[in-house]
Amino acid sequence: MATCDRWDIGGLSTASHADTEAPTVFVYDGHPGGAGFAERAYATAAEWLTATREAIAACACEAGCPSCVQSPKCGNGNNPLHKPGAVFVLDAVLAALATAPPSS
């Protein structure tokens with residue numbers, strides 16, 4: 001989806017963010033000044049998140065592993081991990097994207 005590796009994109013997730021007053025995920029370019037990866041991800045969010053959901057669901061592990069939900073960049077040390085929860089959240093986000101009005 002993006003011609004980069006995991007070190008080129010950063011992210012932050014929180015169960016409740018002060019500005020959104022909701023669970024929030026931020027994705028940003030990992031290099032100062034950016035390289036356009038986050039912008040491209042926003043433009044292809046449904047495709048990107050569907051591929052992510054499929055990779056997690058197809059992984060043979062039970063609880064989560066480096067191939068599906070673990071990240072060497074995780075600020076929480078990959079704790080907690082919940083593979084079924086990740087699939088559930090991705091399903092909810094994809095359903096919301098499918099019913100959202102087109103952005104201009």
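Coordinates for the structure precede this section.
Worth saying up front: this structure is predicted, and the values here are computed from it rather than measured. (Residues numbered from 1 in each chain as written. Predicted model: local features only at pLDDT ≥ 70, side-chain atom pairs only at ≥ 80, totals over all residues. Heavy atoms only, no water.)

Caption draft 1: Representation of the overall build of the protein chain. A tally of regular secondary structure across the protein chain gives 3 helices and 2 strands. The helix and strand sequence of the protein chain, counted from the amino end, reads β-β-α-α-α. For 104 residues, the compact-globule formula gives about 13 Å, and the C-alpha radius of gyration of the protein chain, at 14 Å, lands near that figure. Overall size of the protein chain, expressed as C-alpha extent along the three principal axes, is 40 × 35 × 30 Å. Scored against the burial criterion, the 104 residues of the protein chain give a buried share of 19%. Excluding contacts between residues fewer than 6 apart, the proportion of contacts in the protein chain whose partners are at least 24 apart in sequence is 39%. Working note: accessible area of the protein chain is about 7300 Å², and carbon and sulfur atoms make up 59% of it. Each charge sign in the protein chain was given a centre, from 5 positive and 10 negative side chains, and these centres are 7 Å apart. (Helix = DSSP H or I, 4+ residues; strand = E, 2+ residues; numbered from the N terminus. Rg over C-alpha atoms; globule rule 2.2 N^0.38 Å. Buried < 20%, exposed > 50% of the residue type's maximum accessible area, 1.4 Å probe, protein only. Contact = heavy atoms within 4.5 Å. Areas by Shrake-Rupley, 256 points an atom, 1.4 Å probe, with all protein chains shown as cover. Lys, Arg positive; Asp, Glu negative; His and termini not counted. Charge placed at Lys NZ, Arg CZ, Asp CG, Glu CD.)

Caption draft 2: Up close: a nonpolar patch on the surface. There is a patch of nonpolar side chains on the surface, built from F88, V89, V93 and L97 and spanning about 360 Å² of accessible area. Judged by relative accessible area, V93 falls into the partly exposed class, the value being 34%. (Patch = residues over 30% accessible without salt bridge, like charges linked within 9 Å, V, L, I, M, F, W, Y side chains within 5 Å. Salt bridge = Lys/Arg side-chain N within 4 Å of Asp/Glu carboxyl O.)

Caption draft 3: The nonpolar core, seen in detail. Of all hydrophobic cores here, the largest spans 8 residues; its members are L49, I56, C59, C65, C68, V87, L90 and L94. Taken together, the elements giving at least two residues each to this core come down to α2 (45-58) and α3 (83-99). Looking at which element gives the most residues to this core, the answer is α3, with 3 residues. Excluding its chain neighbours within four sequence positions, the residues that come into contact with L94 are A46, L49, T50 and R53. (Core = buried A, V, L, I, M, F, W, Y, C linked by side-chain atoms within 4.5 Å.)

Caption draft 4: Inspection of the side chain of K83 at higher detail. Take K83: it is sitting in helix α3. Buried charge without a partner: K83 forms no salt bridge, and the closest opposite charge is E62, 9.0 Å away. Beyond its immediate stretch of four places on either side in the chain, K83 contacts I56, C59, A60, C61, E62, A63, G64 and C68.

These figures come from the coordinates and say nothing about function on their own.
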